[in-house]
Amino acid sequence: RENPADRGYDNPRVIIPSPDGHRIAYLQSGPEGNGIHIRDLATGAAEQVASGGQTEDFMPPVWSSDAKQLAFTVQDTVTKTSVVKILDLTTRDTRTIPVPVESKAYLVDWTRDGRAFLFNDMEAQALRILAVDDGSVTTISDNVWPWQRASFSPDGRFVVYGYGGALGARPVCVQSVMGGPRHEIAQAGDGLYPHPMWSPDGSAIAYQDTDGIWVVPMADGMPSGPERLAYRTASVYWGSTRTAAGGVHFTSFQQHNGPWRVEVDPSTGRAAGSGAEELTDYPGLISFRWSPDGRRVALNGWSYRDLTVYSLDTKARTPFRELEHEGGVRLPFWSPDGNELWYEHALPSDESGRTVKAIDLATGQVRELFTVTNGGGVSFSADGRTMAFVRAGSETGPVDI
C-alpha cells in the first residue's frame, strides 16, 4: 500500500527472501550506481553489502541454502562481460567466477551443495548451468523467456522450468542436469510464464497459472499424482524463493487491477451502503461493462483472450473464450436486451482489420457482425442501433471517426 521506495527498494520483482525467511535481499539503484542490499525482516535494519559504479549492471541475487552467502551477476556495460560474485556474509570475502558466455547471466537458483548455479542467458534466451569449481557451462534448454524463474530439485539431479520464449501456452518441463529429453509435467495458460519452483523436500513443484498457483506432486523427477490448485489468485505472481519451512514466496509480476462495486446515492452522488465491495473470482482486469439490468458485469481479462460475465447475485463467473483465431478480444459491450456481448476482435495482422462479433450468453455461439477495415475503437449507443469506430487511413493519411 505504501510507496516501495520508502522501504528502501524500488522493484518488488527482485526482492529475494532468504531460505530461512528472516531476511530479504534486493537490488537498489541510485545516481551513483547500483548494488545489493539486505533487510532484516524482524528489525527492519538494512545494509548495502555490494556496490558498483556507473558501468556495472547488477542482476538479482540468489541465496545459498544456509542463508550465509549471496551470489549475483555483475556485467561490465562497456566490455559486455559478466562475472558471478559469491559474497560470504560473515567474513565479507568475495569470490569471482567469470561467465564464459557473451551475455548477461540472470541467476535463478543455486544447488544446496553450492556446486552449481542455474542461470538464464539473457541474449540467447537459454537456460544454463554454471559449475562453481571450474566455470564450465551446460545448456539445459535453448528456448526460455530470459526473465523466467526456474529451480533445481533439492538433490540437484533435476531442473524445472517453463519451456518456450514466445507467448502462448507454456509447458512446465523437468529435465535431468545430466542431459536427455525434457518431460512435460503441466501446462500454463496462454501468455503466461509459470515460474516453477521445487519444494524444499523435493515432493512437489509449484507453478503459476491463469487462475492461481498449482502444485504437482513429484517423485524421482516425475509426477507422482494429479496436480491441484493450491492458491487461487486474480493476477500473475512471480515465484521468488522457497523457505526451509516449506513455503514459497511470490511477488506480484504486474500491477493488480480489479473491479469494485460502490453503491451511490443518486440524489447526492455520494457513496452509500457499506462502502466498496471487491468482485471476487475474476481474471486480471483490463476493461468491464455493466449489464443493462445492473446485475452482471462483463470483464475483459489481461490476456485479451477471454470475456467473463460476473453475476452480483450468485458471485459466480462464466468465462467465454475466443479461440478460433489468434489476436485479441477487446472492449465488450452489452446488447440492449442483455442477451449478447458485442466485442471487437483483433485479427493477427493489422492489414486484415478488426471484426466486431457478438456472443450469445445462453448458448456461447459467436456470430460476426462486420469487419472494421484497418480500424478499431468500437463503441455502441445505448439502444444498440448505432456504432462509432475509428477508421485509420494510410500512415500519413487522415484518421476518421
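Here the structure is a predicted model, which is why all the values come from computation and not from measurement. (Residues numbered from 1 in each chain as written. Predicted model: local features only at pLDDT ≥ 70, side-chain atom pairs only at ≥ 80, totals over all residues. Heavy atoms only, no water.)

Colleague: Looking at this model, I keep getting lost on the packing of aromatic side chains. Mind explaining?
Modeller: Two aromatic rings, taken as a pair, are described by how far apart their centres are and by the angle between their planes. Taken as a whole, this structure holds four aromatic pairs when the rule is applied. Ring geometry for Trp 110 against Phe 117: centres 4.7 Å apart, planes inclined by 35°, an arrangement best described as tilted. You'll find Trp 110 and Phe 117 in the same group, each marked buried. A cation over a ring is seen here: Arg 182 above Tyr 163, with NZ or CZ 3.6 Å from the ring centre. Its end group placed over the ring of Phe 333, Arg 289 keeps NZ or CZ at 4.5 Å from the ring centre. (Phe/Tyr/Trp six-rings, centres within 6.5 Å; stacked < 30°, edge-to-face > 60°. Buried < 20%, exposed > 50% of the residue type's maximum accessible area, 1.4 Å probe, protein only. Lys NZ or Arg CZ within 6 Å of the ring centre and 35° of its normal.)

Colleague: Before we go on, may I ask you to explain the sheet that holds strand 14 (residues 151-152) in this structure?
Modeller: Within a sheet, each strand pairs with its neighbour through backbone hydrogen bonds, oriented either parallel or antiparallel. Ordered by their spatial adjacency, four strands build an open sheet running 14-15-16-17, and the pairing between neighbours is antiparallel. One side of each edge strand has no neighbouring strand; the edge strands of this open sheet are strand 14 and strand 17 (183-188). (Pairing = 2+ DSSP bridges. Helix = DSSP H or I, 4+ residues; strand = E, 2+ residues; numbered from the N terminus.)

Colleague: Explain the confidence of the model for the protein chain to me, please; I cannot follow it from the model alone.
Modeller: Detailed reading of the predicted model is not advised wherever pLDDT is low. Predicted confidence across the protein chain gives a mean pLDDT of 79, with 74% of residues reaching 70 or more. Looking at the elements of the protein chain, mean pLDDT is at its lowest for strand 37 (residues 399-400), recorded as 46, and at its highest for strand 21 (residues 222-223), recorded as 96. This stretch, residues 1-6, has a pLDDT under 50; its non-local contacts, to residues over four places away or in other chains, come to two contacts. The low-confidence segment residues 394-401, where pLDDT is below 50, has eleven contacts with residues more than four positions distant or belonging to other chains. (pLDDT = per-residue confidence, 0-100. Contact = heavy atoms within 4.5 Å.)

Colleague: Would you explain the environment of Arg 367 in this entry?
Modeller: You can see Arg 367 is positioned in strand 34 (residues 366-372). Linking Arg 367 and Val 356, residues eleven residues apart in sequence, is a C-alpha distance of 9.0 Å. Contact partners of Arg 367, with chain neighbours within four places excluded, come to Glu 340, Trp 342, Lys 357 and Ala 358. Separated by 2.9 Å, the side chains of Arg 367 and Glu 340 make a polar contact. (Polar contact = N/O pair within 3.5 Å; in protein donor to acceptor, adjacent residues only side chain to side chain.)

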